[in-house]
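These are the residues of each chain, in order.
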Amino acid sequence: MTRYASILVAALVLTACAGTPRTTTAETAQATAAAIDSVPAGGLPPQRLEPGQCGLFLWGMSAPRKFVFFSEATSGTALALLDDMPQKLRMTSAAGDVFGQFLTDMEFQDAATGRSVHILINPGEPLEGGQRVDTGNLLVRSADGWETILPVTGVRACMPG
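For clarity, every value in this text was computed on a predicted model and none was experimentally measured.

Trainee: I tried to follow the pairing of strand β1 (residues 54–60) on my own but got confused; where do I start?
Mentor: A regular strand places its side chains on the two faces of the sheet in alternate fashion. Counted residue by residue, β1 has seven buried out of seven residues, so it is predominantly covered. Side chains C54, L56, L58 and G60 project from β1 onto one buried face, and the interleaved G55, F57 and W59 project onto a second face that is buried too. Relative to strand β8 (residues 147–158), β1 runs antiparallel, the two being bridged by seven bridges. In the strand pairing of β8, F57 is matched with V155. With five bridges joining them, β1 and strand β2 (residues 67–72) adopt antiparallel strand pairing. Within the sheet, the bridge partner assigned to L56 lies in β2 and is S71.

Trainee: So what exactly am I meant to see when it comes to the side chain of T104 here?
Mentor: The residue T104 is located in strand β5 (residues 102–109) in this model. A distance of 2.9 Å separates a polar side-chain atom of T104 from the backbone nitrogen of D97. Each residue touching T104, except ones within four places of it in the same chain, is listed here: A95, G96, D97, F99, I119, L120, I121 and P123.

Trainee: It is not clear to me how the state of the cysteines should be interpreted in this structure. Could you clarify?
Mentor: The bond known as a disulfide is covalent and runs between the sulfur atoms of two cysteines. Applying the stated rule across the entire model yields one disulfide. Two residues share a disulfide in this structure: C54 and C158, whose sulfurs sit 2.0 Å from each other. In this structure the cystine formed by C54 and C158 twists about its S-S bond by roughly 110°; its chirality is therefore right-handed. Here C158 lies in strand β8 and C54 lies in strand β1, a separation of 104 residues in the sequence. Since its relative accessible area comes to 23%, C158 is described here as partly exposed.

Trainee: Before we go on, may I ask you to explain unusual backbone geometry in this structure?
Mentor: Trans peptide bonds make up the majority, and among non-glycine residues the majority have a negative phi. The omega torsion across A63 and P64 is -5°, close enough to zero to call that bond cis. In the Ramachandran plot, D83 falls in the positive-phi region, its phi being about 55° despite a non-glycine side chain. Mapping D83 onto the fold places it in the loop between β3 (77–82) and β4 (85–99).

Trainee: Whenever I open this one, the sheet that holds strand β6 (residues 116–127) confuses me. Can you help?
Mentor: Within a sheet, adjacent strands bond to each other through the backbone by hydrogen bonds, running parallel or antiparallel. Read around the closed barrel, eight strands run β1-β2-β3-β4-β5-β6-β7-β8, paired in antiparallel fashion. Ignoring which end each strand starts from, the neighbouring axes of this sheet average 25° apart. Across ten bridges, the pairing between strand β7 (residues 130–141) and β8 is antiparallel. Bridge pairing in β8 places G130 opposite A157.

Trainee: Quick question: what am I supposed to make of the pattern of salt bridges here?
Mentor: A side chain of one charge can pair with a side chain of the opposite charge when the charged atoms of the two come close. Inspection of every chain in the model, using the stated rule, returns five salt bridges. A salt bridge links E147 to R141, with the shortest nitrogen-to-oxygen separation between them at 2.7 Å. Given a relative accessible area of 43%, E147 falls into the partly exposed group. Exposure remark for R141: the relative accessible area of 31% places this residue in the partly exposed category.

Reading the values: rules and limits
Residues numbered from 1 in each chain as written. Predicted model: local features only at pLDDT ≥ 70, side-chain atom pairs only at ≥ 80, totals over all residues. Heavy atoms only, no water. Buried < 20%, exposed > 50% of the residue type's maximum accessible area, 1.4 Å probe, protein only. Helix = DSSP H or I, 4+ residues; strand = E, 2+ residues; numbered from the N terminus. Pairing = 2+ DSSP bridges. Polar contact = N/O pair within 3.5 Å; in protein donor to acceptor, adjacent residues only side chain to side chain. Contact = heavy atoms within 4.5 Å. Disulfide = S-S within 2.5 Å. Axes fitted to C-alpha atoms, helices over the stretch in contact; angles between N-to-C directions. Salt bridge = Lys/Arg side-chain N within 4 Å of Asp/Glu carboxyl O.

Shape descriptors only; they carry no functional weight alone.
This is the structure in structure tokens:
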């Protein structure tokens, strides 16, 4: 089962990390808006990294497995699947151990709803160009204090360049 899960994660990362030619900020914004409009039933839309960029890709552990969280290392933002809709988040704090270009304990805020998303990562074995997330939790706290915990797994990966 873990071998199957490893192959699935590797295939999803390769799909999510496919490179694209350089684009302008306006083109990137348009592409992001178009991607958000076409959210697949399985979770967040595929995410692309430019050469030299690194991303954190997380999937929920429960069936059906959904791509639920993405953050590009230098952006200070993230995209999370909340209430089955992609929501843009901004990083509010980071602590814990160094995990490549990320830390193992990160907090994000959804300015529109007041929700916070707390990511806790347990690093796994290194991969070529990245590292596995063996286990982790995505804790969503609503503005009125309700908490939902989603067990996650995934990878951090970098696009060569």
